[in-house]
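# Analysis of the macromolecular model
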Amino acid sequence: MRRASFAWTTAVAAVAAIAVTAVPASAGQAGQAGQAGEIGYGTPGTGEILPYPGQEGLIWIPDWIGDGGAVTGGAYTAGPPVTVTVGCRGGSGGAGEVRVTFTPYYGDTTPVEFTVPCPAEAVDRGSAVVTAEQGRSFHVGVKASAPDVHWGLTVTQPDA
């Protein structure tokens with residue numbers, strides 16, 4: 001039953017990623033698109049940085065370019081821990097990195113942060129494991145070191 005809503009959760013995650021990156025600049029930055037401090041300049045990619053996570057998937061963003069993230073809930077709170085995985089590949093300027101911040105809204109709400117190096121010609125991955133309670137409802141933000149760094153995101157939880 002829990003996995004029956006996977007497609008809906010994935011759709012919400014993709015829309016959330018778009019919404020996170022589409023927020024306009026603050027009033028002090030009006031007309032200065034691309035300035036530091038502005039939220040987002042990301043766009044959907046056309047590839048697949050991370051493969052489809054199967055029935056264990058709570059979120060799947062196959063390819064995103066630049067900053068973004070997802071907001072959702074959906075972990076089985078009495079189940080096993082939740083794994084957040086980000087894969088990335090550098091942009092036209094060569095290697096880069098992405099900074100991942102997982103912010104849970106339940107349990108221990110201390111953000112979980114990690115950085116993933118993004119080689120120019122390959123995909124590298126990084127992961128963090130959080131408790132099922134923390135994975136109940138959360139925000140995952142991804143900050144790319146350059147606007148053309150590609151990344152993919154999965155959030156998975158094995159069936160209990």
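Up top is the structure.
Let me sum up the structure you'll find in this document. All values derive from a computational prediction rather than experimental measurement.

Attention shifts here to the overall build of the chain. Helix and strand counts for the chain come out as one helix and nine strands. Taken from the N to the C terminus, the helices and strands of the chain come in the order α-β-β-β-β-β-β-β-β-β. Burial statistics for the chain: of 160 residues in total, 43% are counted as buried. As displayed, the chain has an accessible area near 7,600 Å², and 58% of this comes from carbon and sulfur atoms.

A surface patch of nonpolar side chains, amounting to about 270 Å² of accessible area, comprises Val-71, Tyr-105 and Tyr-106. Inspection of the secondary structure assignment puts Val-71 in strand β3 (residues 68-73).

What follows concerns the sheet that holds strand β7 (residues 124-130). Across the sheet, five strands lie side by side as β1-β2-β9-β4-β7; this open sheet has antiparallel pairing. At either end of the open sheet lies a strand with only one pairing partner, and these are β1 (43-44) and β7.

Moving on: the sheet that holds strand β8 (residues 137-144). Taken together, the four strands give an open sheet; going across it, the order is β3-β8-β5-β6, and neighbouring strands pair in antiparallel fashion. The strands lining the two open edges of the sheet, one partner per strand, are β3 and β6 (112-118). Taken over all neighbouring pairs, the strand axes of this sheet differ in orientation by 15 degrees on average, direction set aside. Sheet topology places strand β5 (residues 96-104) next to β8; seven bridges connect them, and they run antiparallel. Bridge pairing in β8 places Phe-102 opposite Val-140.

Our next topic: the state of the cysteines. Throughout the structure, instances matching the rule amount to one disulfide. Paired by a disulfide, Cys-88 and Cys-118 hold their sulfur atoms 2.1 Å apart. Taking the sign of the S-S torsion, about -100 degrees here, the bridge from Cys-88 to Cys-118 comes out left-handed. With Cys-88 in strand β4 (residues 82-89) and Cys-118 in strand β6, this residue pair connects regions lying 30 residues apart in the sequence. Note on Cys-118: relative accessible area 1%, which makes it buried.

Moving on, we get to the environment of Val-149. As for its position among the elements, Val-149 is in the loop between β8 and β9 (150-156). Ignoring sequence-local partners within four residues, the contact set of Val-149 consists of Trp-64, Ile-65, Gly-66, Arg-89, Gly-90, Gly-91, Val-98, Cys-118 and Ala-144.

What follows concerns the nonpolar core. Core analysis: the biggest nonpolar cluster contains 26 residues, and Val-86, Val-98, Val-140, Trp-151, Leu-153 and Val-155 have the highest contact counts within it. Within the residue set of this core, elements represented by two or more residues are β2 (57-65), β4, β5, β6, β7, β8 and β9. Those residues within four positions of Val-86 in sequence are excluded, and the remaining contacts are Leu-50, Val-98, Val-100, Phe-114, Val-116, Asp-124, Arg-125, Gly-126, Trp-151, Gly-152 and Leu-153.

Applying the stated criterion to the full structure yields three salt bridges. Between Arg-136 and Glu-133 there is a salt bridge; the shortest N-O distance is 3.2 Å. Given a relative accessible area of 29%, Glu-133 falls into the partly exposed group.

Attention shifts here to the pairing of β9. In terms of burial, β9 is a largely internal element, seven of the seven residues being buried. Here β9 shows a buried face lined by His-150, Gly-152, Thr-154 and Thr-156 and a second buried face lined by Trp-151, Leu-153 and Val-155. As paired elements, β2 and β9 share six bridges and run antiparallel to each other. Looking at the pairing, Ile-61 lines up with Leu-153 of β9. The pairing of β4 with β9 spans seven bridges and is antiparallel. Following the sheet pairing, Thr-85 is matched in β9 by Thr-154.

Rules of the game
- Residues numbered from 1 in each chain as written.
- Predicted model: local features only at pLDDT ≥ 70, side-chain atom pairs only at ≥ 80, totals over all residues.
- Heavy atoms only, no water.
- Helix = DSSP H or I, 4+ residues; strand = E, 2+ residues; numbered from the N terminus.
- Buried < 20%, exposed > 50% of the residue type's maximum accessible area, 1.4 Å probe, protein only.
- Areas by Shrake-Rupley, 256 points an atom, 1.4 Å probe, with all protein chains shown as cover.
- Patch = residues over 30% accessible without salt bridge, like charges linked within 9 Å, V, L, I, M, F, W, Y side chains within 5 Å.
- Salt bridge = Lys/Arg side-chain N within 4 Å of Asp/Glu carboxyl O.
- Pairing = 2+ DSSP bridges.
- Axes fitted to C-alpha atoms, helices over the stretch in contact; angles between N-to-C directions.
- Disulfide = S-S within 2.5 Å.
- Contact = heavy atoms within 4.5 Å.
- Core = buried A, V, L, I, M, F, W, Y, C linked by side-chain atoms within 4.5 Å.

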